[in-house]
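# Coordinate inspection notes
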Amino acid sequence: MDQQTNRRPIRIGNGAGFWGDSLDAPFHLARDGRLDVLTLEYLAELTLAILSHLRSKDPNAGYVTDFPPLLQRLAPILAEQAGLKIVTNAGGLNTASCAAVCARIAAGNGLDDMPIGVVTGDDVLGRIASWRAEGVALDHLETGEPIERVADRLVCANVYLGARPIAEALGQGARIALTGRVADASLTVGPVVDRFGWSWDDWDRLAGASVAGHLIECGAQVTGGLWEGWEAMPDPAGIGYPIAEVAADGSTVVTKVEGTGGVVSRATVTEQIVYEIGDPSCYRTPDVDVDFTTVALDDQGPDRVLVRGASGRRPSDFLKLAAVYRDGWTASGMLAVVGRSAEAKARFAAGLALERVRRAGFTLEHSLVECFGAGDVAPGVFRPEKPAEEVLLRVTVRDPSRAAVERFCRELAPLITSGPPGLAGYATGRPTARPAFGYWPALVPRGLVDSQVEVRPSCDWVGREGDHVD
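If you're wondering where the values come from, they're calculated on a predicted model, not measured in any experiment. (Residues numbered from 1 in each chain as written. Predicted model: local features only at pLDDT ≥ 70, side-chain atom pairs only at ≥ 80, totals over all residues. Heavy atoms only, no water.)

Under the 1.5 Å per step criterion, the end-to-end length of helix α3 (residues 45-57) is 19 Å for 13 residues, consistent within 8% with the ideal 18 Å. Those residues of α3 that fall on the buried side of the exposure criterion are Thr-47, Leu-48, Ala-49, Leu-51, Ser-52 and Arg-55. (Helix = DSSP H or I, 4+ residues; strand = E, 2+ residues; numbered from the N terminus. Expected span 1.5 Å × (residues − 1). Buried < 20%, exposed > 50% of the residue type's maximum accessible area, 1.4 Å probe, protein only.)

Rendered as structure tokens:
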């Protein structure tokens, strides 16, 4: 890379904040954003559970299925914009299979030689048993319980990797870098370090790039999504997704494509900067511990906010582990309830259904009754001043026994003629029993985890489904 390019801020746009985000935002960002890098952040703890269920039914599954169709749309842009790169955790639990599918798409669009990089090492499910035997504590971060309680029911276990293997993949020429579970902000930090060549102990600059990644990782949340000023936001239907212009000193300008809807302001950036950070003086990532209390924001004109002053420290000697385990069976059913005493009727109806399950010989381990419209969306925070005359009843159950949950699924519909008056909304049919999963967060000594990077031309990845590098 020439010296002038190395001094220029790197333009990174994020087109997805979760699996299920806008289908069009990544395409519009890549087409109109003048980007160096398009990032796509798909994974969450719930997503890992979904992917593990898919992988259990098909060993070649377990990656984010939204990404290959998107790549098909992006392929002509990649061909036209030779400098554009994509960094995404769409690899999920099966990065090699994802790479193989993407390689076929690339080859079908004349990109046979386009390098695709695969980052692995986050999947440690096969190492849990040996770690336990060696005395590695994997206690639950919130409850302190030992992992032995769920070890025989684990379906996936992934460590949050950092930015270093992403930077390595890009440094080896990858135009698409596919990862599994990495820290959200690391999707941005990796390309920034690759561009500027920072050292991995340049804590303040790494902190600045991490703040940039944190600001754009949730997509439109920083461009007006969830903003308290939503009523005055221009063209919310056409909201633009964020771009971070990260400079060599670690400062960032947050912006969006000109002419798109939404807004980038000190208000929207401030709301996102405090989103899910815990201790603002010590936001932990695999790359750096970030101190947000030193960050300053400055307006730079319409839809441009300068973010500077982040400071950082050496990160922890531990990495976060996100494990998912089977936790029986679950089902949810909903009914609308209208008229006087709607909430009372709804709770009475739920009690009838649960009692009938009991009389059928089943004891449900967990049940939850919610009346939306009567304050149950935020329990203890909001109650309507007057009794609600219309509520939506949702009853959720979970139990180790599938038969018990399936019996519950058969007890909501009879309420239509054997419950209180005013029930409606039953045309969707019976609820369906489905596998339930539990989440197990823990810490793993950093030294036990190794990442691997493999960069190959597209044509070399074709046919490698299920070829795991871990």
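From this point on, the discussion continues.
Time to look at the pairing of strand β16 (residues 390-399). Inspection of the sheet shows strand β14 (residues 318-338) paired to β16 by 10 bridges, in the antiparallel sense. By the bridge assignment, Ser-332 is partnered in β16 with Thr-396. (Pairing = 2+ DSSP bridges.)

Moving on, we get to unusual backbone geometry. Backbone geometry at Asp-235 places phi at a positive 45°, although glycine is not the residue there. Examined against the element boundaries, Asp-235 turns out to sit in the loop between α9 (203-216) and β7 (242-246). On the accessibility criterion, Asp-235 (46% relative accessible area) is partly exposed. Non-glycine residue Glu-276 carries a positive phi angle of around 50°. For Glu-276, the position within the fold is in the loop between α10 (266-273) and β9 (283-284). Overall, the relative accessible area of 61% leaves Glu-276 in the exposed class.

Sheet architecture is open: 3 strands sit in the order β9-β10-β13, paired in antiparallel fashion. At either end of the open sheet lies a strand with only one pairing partner, and these are β9 and β13 (311-313). As defined by bridge partners, strand β10 (residues 289-291) adjoins β13 across 3 bridges and the pair is classed as antiparallel. Counted as the bridge partner of Asp-291 is Ser-311 from β13. Relative to the sheet, α9 contacts β9, β10 and β13, its axis offset from that of β13 by approximately 110°. (Contact = heavy atoms within 4.5 Å. Axes fitted to C-alpha atoms, helices over the stretch in contact; angles between N-to-C directions.)

To continue, consider the packing of helix α8 (residues 186-196) against α9. As a packed pair, α8 and α9 sit with axes 8 Å apart at the nearest point and diverge in direction by 135°. With respect to their mutual orientation, α8 and α9 come out oblique. For the pair α8 and α9, the crossing hand works out as right-handed. Contact residues: Thr-188, Val-189, Val-192 and Val-193 in α8; Leu-206, Ala-209, Ser-210, Ala-212, Gly-213 and Ile-216 in α9. Here the contact of α8 with α9 is composed, by residue class, of 7 nonpolar, 3 polar and no charged. (Parallel < 35°, antiparallel > 145°, perpendicular 65-115°, else oblique. Left-handed = near helix turned anticlockwise from the far one by under 90°. Nonpolar A, V, L, I, M, F, W, Y, C, P; charged D, E, K, R; others polar.)

By themselves, these figures tell us nothing about what the structure is for.
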